[in-house]
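# Secondary and tertiary structure notes
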Amino acid sequence: MSDERARRLVIVGGGPSGLAAAWKASVEADRAGASLEIVVLEANGEVGGKARTEQADGLLIETGPQGFLDDQPVVREMIDACGLKDEVLAPEPAANRRYIYRGGRLRELRRSPLAFARSGLLGPLGLARLAMEPLVRSRHDGDAEGSAGEDESLYDFAARRMGRQAAARLISPVVLGIFAGDARKLSAAAAFPRMVAMERGHGSLFKAMRAGRKRGAPPPGHRTLRRGIQALPRAVAALPGIEVRCNQRVTAVERRGKNFTVVSSTGDVAADAVVVAADLPAAADLVEGVSAAAATELRRIESPPMAVVHTALDAAAAAHIEPAYGFLVARGEGIRMLGCQYETATFRGRGPDYTFLARSLFGGSVDPEAADLGDAQLVDLTLSELRRTAGIDAEPTYASVARWPHAIPQYAPGHPQRVARIEAALNPIAGFHLAGNALHGVGLSRAIAVGADRGENAARGLLGASAKSAGSRR
Ligand SMILES: Cc1cc2nc3c(=O)[nH]c(=O)nc-3n(C[C@H](O)[C@H](O)[C@H](O)COP(=O)(O)OP(=O)(O)OC[C@H]3O[C@@H](n4cnc5c(N)ncnc54)[C@H](O)[C@@H]3O)c2cc1C
């Protein structure tokens, strides 16, 4: 290979994380005034990964993420670079209303302590225990490492701080909405790092929230894009300096001295550096070519299937539905739906005026079999469970089912240690980078931030600006 030719960075996976890597690598090349060939290989016929937006009957259907947390400056930067700044949408005021279905009815999650107490979500003992949270000794008191260094499950963390009722009736349903997962099988430190940091920093969650309010630091907002989330990966793919090749399934990444061969369904591509941004379990297979140890660890991260059912009602049927963000369903209620988001009430422009579009989620680690039900069965189940939970009882004008065989990675207790082992195996391999949402946060904003970080490092490594960063650079 001649030193004169442009270096080539190959990114495997054209989802949000892979495209963030491509965008940031191109920014870095521009900054350095250097030439860098950036090639994205995507298995599907179009970019976006799970960020998939469809249009039908005047409705905007988000089959994967329907929004993102505005907690990563780099996401804003990427949106601006794509000219989508004016497309960012905040939720409607009605979306402040959120419910949990428990004890046979929907109960509103209220902010004021009195209203919360009256919601019936917790009984008197549960409320009394929750009120004691600021008095519960922090796990980190007088123990810089020791037992505090050990990971615990999200359920154990919540039960220790807030009591078992709050853990079961509040935290467990919220976890369904983010991970479609079981709070008892998720790592507190990996799944809710902010909550663990609140205990570490302030000794109590309530004290940390109070300190945040005093500082005038509002929690990060929920956002979407007017034309749907897929608009972002599509816009990145259209940026100059990024070559996207769709319908190219990568089957292996092989090391060739200091370089790599990326083996795809349509031929081999030589690369000076590689970012693997494929989702699990494909990512594990691709990592195998450079580190069997890292691949084995990645294969231990489960990503169970999910189904997303959209149903729409016309204006007359929707008239009696109170606008809200939607609801989550506590387990043990005999309802298989994990939760339902009222799309048209949450973001403007998701459908024609006065229609109602509901997005109901099934499957995940708590009920993977539900994701395998047939389309008609899932739609029937959705309708009967919307009737039982929210009293929504009408024939839909539209219904569709989307399926994700490997939906959301589950960060089991011990995940931080697993991440450390994976990174210890991969970091010494110059030019090889792992992006995606398998390690550092399952949400869209984290996947983009990690992708951008890996793209930047890959470009710097190739252009000689700096060596690959050690560790995760979160
Ligand atoms: C039902 C559902 C709802 C969600 N809702 C939200 C939400 O509301 N908010 C939020 O923040 N997050 C949400 N998420 C999570 C969000 O979708 C992810 O954070 C995000 O998609 C991760 O991006 P990624 O690029 O890492 O992976 P993906 O989006 O999975 O993209 C991976 C890409 O790699 C490609 N690929 C895989 N294997 C190969 C191969 N061998 N060769 C080439 N290409 C390959 C895939 O085709 C895909 O395009 C949701 C996820 C699901 C499943």
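Counting starts from 1 at the beginning of each chain's written sequence and moves along it residue by residue. Residue-level local features of this predicted model are given only where pLDDT is at least 70; pairs of side-chain atoms are given and counted only at 80 or more, and the full residue set underlies all totals for whole chains, interfaces and linings. Side-chain measures were taken over the full set of non-hydrogen atoms in the model, leaving aside hydrogen atoms and water.

The source of the domain bounds is an automatic or database domain assignment. Taken as a whole, the protein is organised into domain 1 (7-53 + 226-302 + 412-463), domain 2 (91-110 + 304-407) and domain 3 (122-215). The contact criterion used is simple: two residues touch if any of their non-hydrogen atoms lie within 4.5 Å. Contacts between domain 1 and domain 3 engage seven residues on the former and ten residues on the latter. Buried area: the accessible area, evaluated with a 1.4 Å probe, that two parts lose upon being put together, summed over both parts. Ranking the residues of domain 1 by area buried against domain 3 places Pro413, Pro416 and Val442 at the top, with a combined share of 61%. Here, a salt bridge means any Lys or Arg side-chain nitrogen found within 4 Å of an Asp or Glu carboxyl oxygen. Taken together, domain 1 and domain 3 are joined by zero salt bridges.

Turning next to the sheet that holds strand E19 (residues 398-404). Adjacent strands of a sheet pair through backbone hydrogen bonds, lying either parallel or antiparallel. Strand order in the open sheet formed by seven strands is E8-E7-E16-E17-E18-E15-E19, with mixed pairing between adjacent strands. Edge positions in the sheet fall to strand E8 (105-108) and E19, since each has one partner strand and no second. Taking the axes of each pair of neighbouring strands and ignoring which way they run, one obtains an average angle of 20 degrees across the sheet. Here eight bridges tie strand E15 (residues 306-313) to strand E18 (residues 356-363), and the two strands are oriented antiparallel to one another. We treat two strands as partners when DSSP finds at least two bridges between them. Under the scheme used here, helices are H or I runs from DSSP no shorter than 4 residues and strands are E runs no shorter than 2 residues, and both carry numbers assigned from the N terminus. Between the N-to-C directions of two axes lies an angle of 0 to 180 degrees, each axis being a line fitted to C-alpha atoms and, for a helix, fitted only over the stretch in contact.

In this section: the sheet that holds strand E20 (residues 432-434). Overall, parallel pairing links the five strands, which are arranged E10-E2-E1-E14-E20 in an open sheet. Edge strands, defined here as strands with exactly one partner in the open sheet, are strand E10 (242-245) and E20. Going from strand to strand, the sheet's axes swing by 20 degrees on average, the running direction of each strand aside. Note: strand E1 (residues 7-12) against strand E14 (residues 273-276), four bridges, orientation parallel.

The next subject is the pattern of salt bridges. This model, assessed by the stated rule, comprises 32 salt bridges. Here Arg139 ties to Glu152 by a salt bridge, and the two come within 3.6 Å at their closest N and O atoms. Pair noted here: Arg139 is in the loop between helix H4 (124-131) and helix H5 (154-162) and Glu152 is in the loop between H4 and H5, with a separation of 13 residues, a long-range link. Only protein chains enter the area calculation, which uses a 1.4 Å probe; residues under 20% of their type maximum are buried, those over 50% are exposed, and those in between are partly exposed. By relative accessible area, which is 19% here, Arg139 ends up buried. Two residues, Glu456 and Arg460, come together in a salt bridge whose shortest N-O distance is 3.3 Å. Highlighted residues: Glu456 and Arg460, both in helix H17 (residues 444-463), separated by four residues, approximately one helical turn. Using a relative accessible area of 22% as the deciding quantity, one classes Arg460 as partly exposed.

This next bit is on the pairing of strand E17 (residues 339-342). Burial along E17 is two-sided: the residues Gly339 and Gln341 and Cys340 and Tyr342 are all buried. The sheet contact formed by strand E16 (residues 326-329) and E17 spans three bridges and is antiparallel. Bridge pairing links Leu328 to Gly339 in E17. For E17 and E18, the ladder comprises four bridges, and the chain directions are antiparallel. In the strand pairing of E18, Cys340 is matched with Ser360.

Here the focus is a positive patch on the surface. On the surface, Lys207, Arg210, Arg213 and Lys214 cluster together into a patch of positive charge. Tracing the sequence through the fold places Lys214 in helix H9 (residues 205-215). With relative accessibility at 76%, the residue Lys214 sits in the exposed group. In this analysis, a patch consists of residues with relative accessible area above 30% that form no salt bridge, clustered at 9 Å for like charges and at 5 Å for the nonpolar side chains Val, Leu, Ile, Met, Phe, Trp and Tyr. The method behind every accessible area is Shrake-Rupley, applied with a 1.4 Å probe, and residues are considered shielded solely by the protein chains displayed. Within this scheme the basic residues Lys and Arg register as positive and the acidic residues Asp and Glu register as negative, but His and the chain ends are omitted. A single reference atom marks each charge: NZ on Lys, CZ on Arg, CG on Asp, CD on Glu.

Moving on, we come to the side chain of Ser119. Assignment of secondary structure puts Ser119 in the loop between helix H3 (113-118) and H4. Accessibility expressed as a relative area gives 10% for Ser119, which makes it buried. Definition of a polar contact: a pair of N or O atoms within 3.5 Å, with one able to donate and the other able to accept a hydrogen when the atoms are protein atoms, and with sequence-neighbouring residues admitted only if both atoms are side-chain atoms. A distance of 3.2 Å separates a polar atom in the side chain of Ser119 from the backbone nitrogen of Leu121.

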